[in-house]
Amino acid sequence: MKKDNEQSTVFENIEPTVLEKIQNLRLMDDELMTLVFSGDTQATEFLLKILLNREDLKVKQSMTQLQKHNLFGRSVTLDIVAEDVYRQEYNIEIQRAGSGAGARRIRYHQAMLDSHTLRKGKKFDELPNLYIIFILEHDLFNAAEAIYPVRKYIDVHDSDGNYLKFDDGCNIMYVNGDYRGDDPLGKLMHDFSTSNADEMYYNQLAERVKFFKQKEKGVHMASKIVEEYGDERAAEALKIGIEQGKQDKAIEDARNFLKMKVCTLEQIAQAIGLPLEKVQELAKE
């Protein structure tokens, strides 16, 4: 009876909506993914071995939500960054919206990782191999493939008629979160997509998920990160709303200037702060 009483007080200080959010989380969600893999080299190694179909991989260190700062441009926050015993680097991104998995984003991730890897005086050939892996919630390319590797070639053929490989040491791949094949990757994508740890194939992941959903210490850790993510998203939504309001006001002012026909398009763009292309587009309305 005492045990029941203790159990009934475990979640008493957690908002019911937060608790419900925790129970609905999947590994496909940033909050749970961050908790499960943060600093856990074994869990990250297990994940990478399945994603890359490799048994020789040994992870030395692993971090989640790692920020790479850029003094002169946009900084990035990377979902999972790991390094193996051979100094090869791995960046795993969980992407639920297809619009966030574009080639130019991957290009920027590679640039940020590389710029923080090569020290002064080092040769470019000393850049370690890099693996950038995007786990997509759905099949972005609608081809029903489990994995979509990115191939890089030079438009020159060898003696066998094959294109010469462009080997820059950066290996890029997309993983189809909809894939449910009867193999390790299919089971992994199933586990990433369920909120019920009892339905998971892999105990290594299920036990970690149960800790953050069922154990007092884990649930309190999860509640904090859920609240933090909620605050961040609310702040981001507010920022987007403010920026959209400014944009709408600038467009309205531009239309008014265009109606008065007292300024050139270039002058309107400069005065209001809109791109000239946008002012030209409004002038055609």
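Residues numbered from 1 in each chain as written. Predicted model: local features only at pLDDT ≥ 70, side-chain atom pairs only at ≥ 80, totals over all residues. Heavy atoms only, no water.

(A) Broad picture of the overall build of the protein chain. Of the regular secondary structure elements, the protein chain holds 10 helices and 8 strands. By residue count, 38% of the 285 residues in the protein chain fall in the buried class. Sequence-distant contacts, at least 24 apart, represent 58% of the contacts inside the protein chain between residues at least 6 apart. Of the roughly 17,800 Å² of accessible surface on the protein chain, 49% is carried by carbon and sulfur atoms. (Helix = DSSP H or I, 4+ residues; strand = E, 2+ residues; numbered from the N terminus. Buried < 20%, exposed > 50% of the residue type's maximum accessible area, 1.4 Å probe, protein only. Contact = heavy atoms within 4.5 Å. Areas by Shrake-Rupley, 256 points an atom, 1.4 Å probe, with all protein chains shown as cover.)

(B) Here's a closer look at the confidence of the model for the protein chain. The predicted model of the protein chain has a mean per-residue pLDDT of 86, with 89% of residues at 70 or higher. The least confident element of the protein chain, judged by mean pLDDT, is helix H1 (residues 2–8) at 49; the most confident is helix H6 (residues 184–193) at 98. (pLDDT = per-residue confidence, 0-100.)

(C) Examining the packing of aromatic side chains more closely. Summed over all chains, the structure comprises 8 aromatic pairs. Taking 6.3 Å as the distance between ring centres and 25° as the angle between the ring planes, the aromatic pair formed by Phe37 and Phe192 counts as stacked. Placement of Phe37 in helix H3 (residues 30–37) and of Phe192 in helix H6 is noted, with a sequence separation of 155 residues between them. Both residues of the pair, Phe37 and Phe192, belong to the buried class. When the centroid spacing of 6.2 Å and the interplanar angle of 55° are considered together, the rings of Phe134 and Tyr174 count as tilted. With a gap of 40 residues between them, Phe134 in strand E4 (residues 130–136) and Tyr174 in strand E8 (residues 170–176) connect regions that are remote in the sequence. (Phe/Tyr/Trp six-rings, centres within 6.5 Å; stacked < 30°, edge-to-face > 60°.)

(D) A look at the environment of Asn24. For Asn24, the position within the fold is in helix H2 (residues 16–24). Owing to a relative accessible area of 48%, Asn24 belongs among the partly exposed residues under this scheme. Considering only alpha carbons, one finds Asn24 and Asn196, 172 residues apart in sequence, at a separation of 8.1 Å. If sequence neighbours within four positions are ignored, Asn24 has contacts with Asp29, Ser195 and Lys213.

(E) Seen up close, the sheet that holds strand E2 (residues 76–84). Strand order across the open sheet formed by 6 strands is E1-E2-E3-E4-E8-E5, with mixed pairing between neighbours. Only two strands of the sheet have a single neighbouring strand rather than two, namely strand E1 (59–68) and strand E5 (147–149). Neighbouring strand axes in the sheet, compared pairwise and without regard to direction, differ in orientation by 20° on average. Relative to strand E3 (residues 89–95), E2 runs antiparallel, the two being bridged by 4 bridges. Across the sheet, the residue bridging to Glu83 is Glu89, located in E3. Against the sheet, helix H5 (residues 103–115) touches E1, E2, E3, E4 and E8, its axis set at about 145° to E4. Lying over the sheet, H6 contacts E3, E4, E5 and E8, oriented at roughly 70° with respect to E8. (Pairing = 2+ DSSP bridges. Axes fitted to C-alpha atoms, helices over the stretch in contact; angles between N-to-C directions.)

(F) Main features of the nonpolar core. Leu27, Phe37, Leu48, Leu51, Ile135, Leu188 and Phe192 are the most contacted members of the largest nonpolar core, which has 46 residues in total. It is helix H4 (residues 41–52) that contributes the most residues to this core, 7 residues altogether. Excluding its chain neighbours within four sequence positions, the residues that come into contact with Leu27 are Leu32, Met33, Val36, Phe37, Ile94, Asp191, Phe192, Met200, Leu205 and Val209. Core analysis: the second largest hydrophobic core is formed by 16 residues, Met112, Leu113, Tyr148 and Ile172 among them. (Core = buried A, V, L, I, M, F, W, Y, C linked by side-chain atoms within 4.5 Å.)

(G) Summary view of unusual backbone geometry. Located in the positive-phi region is Asn142, a residue other than glycine, with phi close to 55°. Relative to the helices and strands, Asn142 is located in the loop between E4 and E5. Judged by its relative accessible area of 66%, Asn142 falls in the exposed class.

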